[in-house]
Amino acid sequence: MNKLTATDYIVFIIYFIIIIIYGIYIFRRNKKKVADSKDYFLAEGSLTWWAIGASLIASNISAEQFIGMSGSGFSMGLAIATYEWMAAFTLIIVAVFFIPVYLKNKIYTMPQYLHKRYNEKVALIMSIFWLMLYIVVNLTSILYLGALAINGISGFNFTLCMGFLAIFAIMITLGGMKVIGYTDVIQVFFLILGGLVTTYLAITLVSGEQGITGFWTGLTSMKEAAGDHFHMIFKKTDPYYIDLPGISVLIGGMLIVNLNYWGCNQYITQRALGADLKTARNGILFAAFLKLLMPVIVVLPGIAAYVLYQQGLFQKEMLQDGVLNPDRAYPTLLNLLPSGMKGLSFAALIAAIVASLAGKANSIATIFTLDIYKQYINKDASEENLVRVGKLTVVASVLMAIIIAPFLGIDKKGGFQYIQEYTGFVSPGIFAMFILGFFWKRTTAKAALFAIVAGFIFSVMLKFAPLVMDLSFLYPIGFAVPNANGVYEMAFIDRMAVVFLFCVLGMYWISIRETKNGLPRKGLEIDASMFKTSRAFTIWSIVILLILITLYTSFW
């Protein structure tokens, strides 16, 4: 039943009021610095480690995780958790090797890094690309899927839901990065609390018992009834191998997906770029710990819904236009929650959506204002003017996303798949451009442009290769498997790994040729001492790695 009770509304209103009041408090406390663009966009020197970690998670987790990953949990099981658990491992790498480079070289935006490391042309091309990607792919999908989820739970008009999310996110974003960072702490509190409540109730529904005993009984029943949903590594014969190709989720393309997302993405790295190295590293490590928890919140409910569906429940609720739609798993579970608890879980979903919208809008404003407006439109702009332009950019980008979102077919592709499909064509090239730029001084601007352009073209070629040639010869090594139509195609994750290697080899060849002709080597300031970590950081990193090893060996 798509209806919130009076108690649910009260719980949600309490959440809304807490966020607004706390946001106003942070804004007023910070008002004396409101004209400082670095403080507005980066909250320079203001965010604590726990605020950075919470903000990283709040910005990352949104409707595509709650809806899309729960749907994947329903269909393919725990294996989809590899996106979350491998992210925990990746965050350690980013904290040790990436963040020191950015902070040592006073890098505040990703285009600024490209300008400093390569040249103006590379930076401008990528600035425009990132703005288009963030608005047309990310901002639209978060808004659209978020509105769909709210509409499915509350029954409110879809357009009204989009408008509410947009206004709520704009209110937070206009306060600047400090307001976003600290309100994200509360957002994450509601996200985790509400998510855990939903997971608990979904699993106890499987067992038919309440309390801790009912929870553990439910988990046992789920493993017995859906044992195939508790494997992390798929075999070639598994129908979902095309989505998560076996061992590649550990040592292949999944690493490229995560390293590019967590280490080369303005939307994410911006949270740590205004802090000192120790604070930034501790915040990222905190985010890694929270990442270990995320599958409990976004994947286990989907598996519980699958077991309940197999037992005869949700037969109508899981259908869309007469066809089973796994993405309906999470909204269906929320509609079964008791009064009050549904309001809390509803608040958790809103928190995830709004936090992601605010973070994305802030990153769009940062790139446009600092890397385009200040560099090419008004080089003498005052700090007050930069902040004003940033705020106008926030409003304009969200309005643009509202207008174009309904025309992109996001709901038909599936939110998680939609984002992965469109970012995956360029991620290998971008990551190759960043990683060689970090650690190989001979890498040239032409090589970077090659990675952007040729990487994209090669990705498209591999994507559509099955239309013109038979890839079955790659099946023995697991690099191609038959899809639903029996046509052999390369798994998305493997395709990214192949394109990345292609880009690295191409960049190496181009750079060697250019530097032999006497072109200057334009490197960054890097020394070995930058990568040393504190004893506490090292110990907690080892703890995370041991937890990951335990999880993967237990559910292999």
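This structure is a prediction, so every number in the text was calculated from the model and none was measured.

Engineer: Honestly, the overall build of the protein in this entry has me stumped. Any pointers?
Structural biologist: The helix and strand tally for the protein stands at 24 helices and four strands. Expected size for 556 residues packed as a compact globule is a radius of gyration near 24 Å; at 23 Å, the protein falls within 12% of this value. Dimensions of the protein along its principal axes, counting C-alpha atoms only, are 75 × 65 × 50 Å. Evaluated residue by residue, the protein yields a buried proportion of 59% over its 556 residues. Excluding contacts between residues fewer than 6 apart, the proportion of contacts in the protein whose partners are at least 24 apart in sequence is 82%. Counting only carbon and sulfur atoms, one obtains 66% of the accessible surface of the protein, whose full area is about 22400 Å².

Engineer: Quick question: what am I supposed to make of a nonpolar patch on the surface here?
Structural biologist: The grouping of Phe464, Leu467, Val468, Met469 and Phe473 at the surface amounts to a nonpolar patch, some 600 Å² of accessible area in total. The residue Val468 is located in the loop between helix 22 (445–464) and strand 3 (481–482) in this model.

Engineer: Mind showing me how you'd approach the packing of aromatic side chains here?
Structural biologist: Ring pairs (aromatic) are described by centroid distance and by the angle formed between their planes. Applying the stated criterion to the full structure yields 34 aromatic pairs. Aromatic pair Phe12 and Phe16: ring centres 6.5 Å apart, planes at 35°, arrangement tilted. Of this pair, Phe12 and Phe16 both sit in helix 1 (residues 6–29), four residues apart, which is roughly one turn of that helix. Judged by relative accessible area, Phe12 falls into the buried class, the value being 11%.

Engineer: When you look at the domain arrangement of the protein in this model, what are you seeing that I'm missing?
Structural biologist: For the protein, the domain assignment lists domain 1 (6–26 + 56–411) and domain 2 (425–525). Between the C-alpha centres of domain 1 and domain 2 there is a distance of 27 Å. The interface is formed by 36 residues belonging to domain 1 together with 39 residues belonging to domain 2. When the two sides are added together, the surface that domain 1 and domain 2 hide from each other amounts to roughly 3200 Å², 73% of it contributed by carbon and sulfur.

Engineer: Can you walk me through the nonpolar core in this structure?
Structural biologist: Membership of the largest hydrophobic core comes to 193 residues, with the highest contact counts inside it found for Tyr102, Leu114, Trp130, Met433 and Phe434. Both of domain 1 (6–26 + 56–411) and domain 2 (425–525) provide at least three residues apiece to this core. With near-sequence residues (within four places) excluded, Tyr102 lies in contact with Ile107, Met110, Tyr113, Gly263, Cys264, Thr269, Leu273, Phe434 and Phe438. Listed in part, the five residues of the second largest apolar core include Leu370, Tyr373, Ala381 and Val389.

Engineer: Just to check I follow, could you spell out the environment of Ile24 for this structure?
Structural biologist: When you line up the elements, Ile24 lands in helix 1. The spacing of Ile24 and Val179 is 155 residues in sequence and 8.0 Å in space, taken between C-alpha atoms.

Engineer: What is the right way to look at the packing of helix 12 (residues 253–263) against helix 21 (residues 427–439) in this model?
Structural biologist: Running from N to C, helix 12 and helix 21 point in directions that differ by 65°, and their axes come no closer than 9 Å. Viewed along their axes, helix 12 and helix 21 adopt a mutual orientation that is roughly perpendicular. The element helix 12 and its partner helix 21 pack so that their crossing is left-handed. Packed against helix 12, whose contacting residues are Ile256, Leu259 and Asn260, the element helix 21 presents Ser427, Pro428, Ile430 and Phe431 at the interface. When grouped by side-chain class, the residues that make up the contact of helix 12 with helix 21 number five nonpolar, two polar and no charged.

Engineer: Even after reading the chapter, I still don't get helix 14 (residues 277–298), so can you show me in this structure?
Structural biologist: Here helix 14 spans 31 Å end to end across 22 residues, near enough to the 32 Å set by a 1.5 Å rise per residue. The axis of helix 14 is deflected most strongly, by about 35°, at Leu292, and proline Pro295 appears within four residues downstream. One side-chain oxygen at the N-terminal end of helix 14 lies 3.2 Å from the backbone nitrogen of Lys278; it belongs to Asp276.

Engineer: Would you mind showing me how to read unusual backbone geometry here?
Structural biologist: Glycine aside, residues mostly have negative phi, and peptide bonds are mostly found in the trans state. Phi angles above zero are rare outside glycine, and Lys106 is one such case at about 55°. Mapped onto the elements, Lys106 comes out in the loop between helix 5 (82–104) and helix 6 (110–117).

Engineer: How do you make sense of the pattern of salt bridges when you look at a structure like this?
Structural biologist: Should their charged atoms come close, side chains of opposite charge can pair. Counted by the stated rule, this structure contains two salt bridges. For Lys291, the salt bridge identified is with Glu84, shortest N-O distance 2.5 Å. On the criterion of sequence distance, the pair formed by Lys291 in helix 14 and Glu84 in helix 5 is long-range, its members being 207 residues apart. Comparing Lys291 with Glu84 shows no difference in burial state: the two are buried. Across the pair Glu514 and Lys446 runs a salt bridge whose closest N-O atoms are separated by 3.9 Å. Pair noted here: Glu514 is in helix 23 (residues 492–516) and Lys446 is in helix 22, with a separation of 68 residues, a long-range link.

Engineer: Which parts of the structure should I look at to understand the side chain of Lys291?
Structural biologist: Using a relative accessible area of 1% as the deciding quantity, one classes Lys291 as buried. Leaving out residues up to four positions away in the same chain, Lys291 has contacts with Ile57, Asn60, Ile61, Glu84, Trp85, Ala87, Ala88, Leu91 and Trp262.

Engineer: I would appreciate a short explanation of the packing of helix 1 against helix 8 (residues 158–173) in the present structure.
Structural biologist: In helix packing, the relevant descriptors are the interaxial angle and the interaxial distance, both defined with respect to the helix axes. The contact between helix 1 and helix 8 brings their axes to 11 Å, and the two run at 30°. Relative to helix 8, the element helix 1 is oriented roughly parallel. Of the residues in helix 8, those touching helix 1 at Phe12, Tyr15, Phe16, Ile19 and Ile20 are Phe164, Phe168, Met171 and Ile172. Each residue belonging to the contact of helix 1 with helix 8 can be placed in one class, and the counts come to nine nonpolar, no polar and no charged.

Cut-off values and rules
- Residues numbered from 1 in each chain as written.
- Predicted model: local features only at pLDDT ≥ 70, side-chain atom pairs only at ≥ 80, totals over all residues.
- Heavy atoms only, no water.
- Helix = DSSP H or I, 4+ residues; strand = E, 2+ residues; numbered from the N terminus.
- Rg over C-alpha atoms; globule rule 2.2 N^0.38 Å.
- Buried < 20%, exposed > 50% of the residue type's maximum accessible area, 1.4 Å probe, protein only.
- Contact = heavy atoms within 4.5 Å.
- Areas by Shrake-Rupley, 256 points an atom, 1.4 Å probe, with all protein chains shown as cover.
- Patch = residues over 30% accessible without salt bridge, like charges linked within 9 Å, V, L, I, M, F, W, Y side chains within 5 Å.
- Salt bridge = Lys/Arg side-chain N within 4 Å of Asp/Glu carboxyl O.
- Phe/Tyr/Trp six-rings, centres within 6.5 Å; stacked < 30°, edge-to-face > 60°.
- Domains from an automatic or database assignment.
- Buried area = accessible area lost by both parts, 1.4 Å probe.
- Core = buried A, V, L, I, M, F, W, Y, C linked by side-chain atoms within 4.5 Å.
- Axes fitted to C-alpha atoms, helices over the stretch in contact; angles between N-to-C directions.
- Parallel < 35°, antiparallel > 145°, perpendicular 65-115°, else oblique.
- Left-handed = near helix turned anticlockwise from the far one by under 90°.
- Nonpolar A, V, L, I, M, F, W, Y, C, P; charged D, E, K, R; others polar.
- Expected span 1.5 Å × (residues − 1).
- Bend = angle between axes of the 7 residues up to and from the residue.
- Polar contact = N/O pair within 3.5 Å; in protein donor to acceptor, adjacent residues only side chain to side chain.

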